[in-house]
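# A closer look at the structure
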Amino acid sequence: MCALMVFGAERIMFSVDWPYAANEPGGVLLATAPVSPADLERIAHGNAERLLGIDR
């Protein structure tokens, strides 16, 4: 939440260090994060798609 407040949702990307860390806790974090649906979309995949030039 500190990073979100300092940098903003448009500058944060979610990732999991698989195979060194399990994916399930990351899924729980995304499901329970106290952020708006729009910010959750940005953090979960939107920012990465924009940065990497991935068209959906």
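Residues numbered from 1 in each chain as written. Predicted model: local features only at pLDDT ≥ 70, side-chain atom pairs only at ≥ 80, totals over all residues. Heavy atoms only, no water.

Further remarks concern the pattern of salt bridges. Applying the stated rule across the entire model yields one salt bridge. A salt bridge links Asp39 to Arg42, with the nearest nitrogen and oxygen atoms 2.5 Å apart. With a gap of three residues between them, Asp39 and Arg42 both fall in helix α3 (residues 37-52), about one helical turn apart. (Salt bridge = Lys/Arg side-chain N within 4 Å of Asp/Glu carboxyl O. Helix = DSSP H or I, 4+ residues; strand = E, 2+ residues; numbered from the N terminus.)

Now for unusual backbone geometry. Of note, the bond from Trp18 into Pro19 is cis; its omega dihedral lies within 30 degrees of zero at 15 degrees. Positionally, Pro19 belongs in the loop between α1 (2-7) and α2 (24-32).

This paragraph deals with the confidence of the model for the protein chain. Interpretation of the predicted coordinates at a detailed level should be avoided for regions scoring low in pLDDT. The predicted model of the protein chain has a mean per-residue pLDDT of 93, with 100% of residues at 70 or higher. Within the protein chain, α3 carries the highest mean pLDDT (95), whereas α2 carries the lowest (92). (pLDDT = per-residue confidence, 0-100.)

Quick look at α3 now. End to end, α3 covers 22 Å across 16 residues, agreeing with the expected 22 Å (1.5 Å per residue, within 8%). Listing the buried residues of α3 in full gives Ile43, Asn47 and Glu49. Contact partners of the buried residues in α3: α1. At the exit of α3 stands Gly53, carrying a positive phi of roughly 70 degrees. (Expected span 1.5 Å × (residues − 1). Buried < 20%, exposed > 50% of the residue type's maximum accessible area, 1.4 Å probe, protein only. Contact = heavy atoms within 4.5 Å.)

A few words now on the layout of surface pockets. For the largest pocket, the calculated volume is near 220 Å³. Lining the largest pocket are Met1, Ala3, Leu4, Ile12, Phe14, Leu29, Leu30, Ala33, Pro34, Val35, Leu40 and Ile43. Counting only elements with at least two residues in the lining of the largest pocket, the list comes to α1, α2 and α3. Here the residues of the lining of the largest pocket are counted per class, giving 12 nonpolar, no polar and no charged. (1 Å grid on protein atoms, 1.4 Å probe; cavity = no way out; pocket = protein on both sides within 12 Å on 5 of 7 lines; lining within 4 Å. Points joined across faces, edges and corners; volume = space filled by probe spheres on them. Nonpolar A, V, L, I, M, F, W, Y, C, P; charged D, E, K, R; others polar.)

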